[in-house]
Amino acid sequence: MSVFSDKVKEFAAELIQNDKKDDETAFLEAAKKIEAMRKFKLTDFKDAKDLLQEEELKLYKQKEKNGKVIEKSVIETIETAVKLVEKARELRRVNSRLTSKVDTNILNATPFYPGRSKKLIDQGKKQGYITFEQEGVRKLTYHNDMGLLLTLNDAKTLFALFALWDDQGQNSWLSFTEYQLLDKMNMGYGGRQYQMLRDSLEKLRNTSVVFQDAYDIKTGTRYVTERFNLIIADREFVDEDQSGRVRSRKYEIQFSPHIYESIENGYYSLISLALWDELRTDASKAIYSMISGIGNMANKEEYIREDQTYLLPINVVYKQLKLESPKPVRNKEVVERACEDLVNAEVIEKFYFMGSEKGNRVHSLVIKPSEWLINILSKTKQKPLINGEQLNLPIN
C-alpha cells in the first residue's frame, strides 16, 4: 500500500465508524479533504485506486485458496476508500479546469527561467543586476535590478495576482493580503510560504522587460515596447499588534499598461493554477505556458496545423525552455519527460519528435492537445464549484 492509499483508508474508516459513509455531505467533505492534499497528483489518485482494488482482489483470492474468512469491515473500508478516491479525483479534475487570464505576450516572450543558469546567476552576483536577450516563440529583453532570475514559482505568483485582479474587476489598483494571495496559489499558510511569497513579489517588482515582438490586438500590428516594469507601482500596509508583532500585510499594486491593455482588449490566454500544481517539473510548466500562449496568439498558424496539432521547431522549444546543454540529446530528454508529465496531467493527448531518434537529429516536436486544452483555448472560462456541484465528470 502507498502512503496516499493508506490516508484514504483512514478517511473511509472514520466515515464508517461514525456511520456516515452513506451521508452525502459527510462523504463529500471527506473527498474534499483528500483532494486538498496538493502534494498528491492525479496520477497518485489513479495509482491509489488501483492499489485498493488490487488489495481487495487479493483478499478474495486468499479466501478462495485458503478458505480464509474476510472481515466485512475490511472490505467495507476498502470499497468506501475506492469511492472516496474516485470522488476526490473528480473534484481535482474539475478544479483544474478553473482558469485565470494571462497576457498572451507574457506567455510567448516569457521572462520566467526554468531550472538554473550558472552563467547568469554568477553575472547577477557580480554586477548586482541581470540583463539578457531571450529568444523562443517571441523575443524578449529581460532585466532584473536585484540580479535574480524569475522562476516558474514567480510565474505562479504573477498568474495568481492576475486571478485576484480579475476577481476584483481589473481595477486600476489591485488590493490583496498575503493570505488572499497564498489562498489563490494553494500554497498553505506556514512561515516558509509567507517568506517565499514576499521574495517572489520583490523579484517581480524589480523585473522589467522589452517585448521585441509584442502584439496589439486593437490595431492588429506588432511592435517593440519600451522597457517597462511588470509592476509599475506598489504600496504596502503592515498591521501590527501592541507588541509590534506583524498580524497581516496588505498590498496594493498596479500592473504595466501594456499588460492591462492586452487583457482588457482580449489578447489573453487562460491558465489553470490548480493544473499548474499537478505538473511535476518546471519544464512541463513551461511547455504548458508555451502551448497555451501559442494557442491564442496572432498568426498561430505558424505553429498550429489544421488538425489542431502543434508543429514546433525543436530549436524554438529549447530556446523557450532555456535549455543550454551542449548535448542535444539531453535537451531532448528534458522535453520528453516534460511532455510525459503533460500527458499524465491530461493537458496533451500525445506527442512525438520528428527527425532521427537521436537527440542531435530531431528537428520538430509534435503535440496533440487534449480536448480539455482545446476547450480552454477557445476561451470558455469555467465557473467555480458551488457546494459540490458540476462533479459528474467521467473517471478514466
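Residues numbered from 1 in each chain as written. Predicted model: local features only at pLDDT ≥ 70, side-chain atom pairs only at ≥ 80, totals over all residues. Heavy atoms only, no water.

## A short note on the overall build of the protein chain
Then comes step 1: Summing up its helical and strand segments, the protein chain has 15 helices and 14 strands in all.
Then comes step 2: Relative to the globule expectation of 21 Å for 396 residues, the C-alpha radius of gyration of the protein chain, 24 Å, shows essentially globular dimensions.
Then comes step 3: Projected onto its principal axes, the C-alpha coordinates of the protein chain cover approximately 75 × 70 × 40 Å.
Then comes step 4: Counting only residues that meet the buried cut, the protein chain has 50% of its 396 residues in that class. (Helix = DSSP H or I, 4+ residues; strand = E, 2+ residues; numbered from the N terminus. Rg over C-alpha atoms; globule rule 2.2 N^0.38 Å. Buried < 20%, exposed > 50% of the residue type's maximum accessible area, 1.4 Å probe, protein only.)

## As for the pattern of salt bridges
Then comes step 1: Evaluation of the coordinates by the stated rule reveals 29 salt bridges.
Then comes step 2: The residue Lys332 makes a salt bridge to Glu336 at a minimum N-O spacing of 3.8 Å. Placement of the pair is Lys332 and Glu336 together in helix α14 (residues 328-344), with a separation of four residues, close to one helical turn.
Then comes step 3: Put simply, Glu35, Arg38, Arg92 and Glu278 are held in one network by salt bridges that share partners. (Salt bridge = Lys/Arg side-chain N within 4 Å of Asp/Glu carboxyl O.)

## Description of helix α10 (residues 257-264)
Then comes step 1: The set of residues buried in α10 consists of His258, Ile259, Ser262 and Ile263. Looking straight down α10, one finds that the buried residues subtend no more than 120 degrees of arc, so they occupy a single side.
Then comes step 2: Where α10 begins, the side chain of Ser256 points an oxygen toward the backbone nitrogen of His258, at a separation of 3.1 Å.
Then comes step 3: Two residues or fewer past α10, Gly266 is found with a positive phi of approximately 100 degrees. (Arc of directions from axis to C-beta. Polar contact = N/O pair within 3.5 Å; in protein donor to acceptor, adjacent residues only side chain to side chain.)

## A word on the side chain of Gln320
Then comes step 1: The residue Gln320 is located in helix α13 (residues 314-320) in this model.
Then comes step 2: The class for Gln320 is buried, based on a relative accessible area of 3%.
Then comes step 3: At a separation of 3.1 Å, a polar atom in the side chain of Gln320 contacts the main-chain carbonyl oxygen of Leu107.
Then comes step 4: A distance of 2.8 Å separates the side chain of Gln320 from the backbone nitrogen of Val137, its partner in a polar contact.
Then comes step 5: Excluding anything up to four places from it in sequence, Gln320 contacts Leu107, Asn108, Thr110, Gln134, Glu135, Gly136, Val137 and Met290. (Contact = heavy atoms within 4.5 Å.)

## Notes on the sheet that holds strand β14 (residues 362-369)
Then comes step 1: As summarised here, the arrangement of the three strands in space is β12-β14-β13, forming an open sheet in which the pairing is antiparallel. Each edge of the open sheet is held by one strand with a lone partner, namely β12 (310-313) and β13 (348-355). Strand after strand, the sheet turns through a mean of 20 degrees between neighbouring axes, direction not considered.
Then comes step 2: Two elements, β13 and β14, share seven bridges in a ladder whose sense is antiparallel. In the strand pairing of β14, Ile348 is matched with Pro369.
Then comes step 3: Against the sheet, helix α12 (residues 282-296) engages β12, β13 and β14, with an angle of about 115 degrees to β12. (Pairing = 2+ DSSP bridges. Axes fitted to C-alpha atoms, helices over the stretch in contact; angles between N-to-C directions.)

## Details of helix α2 (residues 24-35)
Then comes step 1: The end-to-end C-alpha separation of α2 is 16 Å, in line with the 16 Å expected for twelve residues at 1.5 Å each.
Then comes step 2: Listed as buried for α2 are Ala26, Phe27, Leu28, Ala30, Ala31, Ile34 and Glu35.
Then comes step 3: Residue Asp23 occupies the N-cap position of α2, its side-chain oxygen lying 3.0 Å from the main-chain nitrogen of Thr25. (Expected span 1.5 Å × (residues − 1).)

## Quick word on the confidence of the model for the protein chain
Then comes step 1: Looking at the protein chain as a whole, the pLDDT averages 89, with 93% of positions reaching at least 70.
Then comes step 2: The element-level mean pLDDT for the protein chain is lowest in helix α3 (residues 42-66), coming to 84, with β12 highest at 98.
Then comes step 3: Within the model, the stretch residues 380-396 combines pLDDT values under 50 with 38 contacts to residues more than four positions away or in other chains. (pLDDT = per-residue confidence, 0-100.)

## Remarks on the environment of Glu10
Then comes step 1: The residue Glu10 is located in helix α1 (residues 3-17) in this model.
Then comes step 2: C-alpha of Glu10 to C-alpha of Ile78: the two residues are 68 residues apart in sequence and 10.0 Å apart in space.

## Quick word on the packing of α12 against α14
Helix packing for two helices is described by the angle between their axes and how far apart those axes are.
Then comes step 1: Running from N to C, α12 and α14 cross one another at 70 degrees; their axes reach a closest spacing of 8 Å. Considered as vectors, α12 and α14 are oriented roughly perpendicular to each other. Contacts between α12 and α14 involve Ala283, Ser284, Ile287 and Tyr288 from the former and Val334, Val335, Ala338, Cys339, Asp341 and Leu342 from the latter.
Then comes step 2: For the contact of α12 with α14, the residue count by class is eight nonpolar, one polar and one charged. (Parallel < 35°, antiparallel > 145°, perpendicular 65-115°, else oblique. Nonpolar A, V, L, I, M, F, W, Y, C, P; charged D, E, K, R; others polar.)

## Details of the packing of aromatic side chains
Then comes step 1: Scanning the model with the defined rule gives 16 aromatic pairs in all.
Then comes step 2: Geometrically, the ring pair formed by Trp276 and Tyr288 is tilted, given 6.4 Å between the ring centres and 55 degrees between the ring planes. Residue Trp276 is located in helix α11 (residues 273-278), and its partner Tyr288 is located in helix α12; the two are separated by twelve residues in the primary sequence. Here the two residues Trp276 and Tyr288 agree in accessibility, since each one is buried.
Then comes step 3: A network of ring pairs unites the aromatic residues Phe112, Phe159, Trp276, Tyr288 and Trp372 as a single cluster. (Phe/Tyr/Trp six-rings, centres within 6.5 Å; stacked < 30°, edge-to-face > 60°.)

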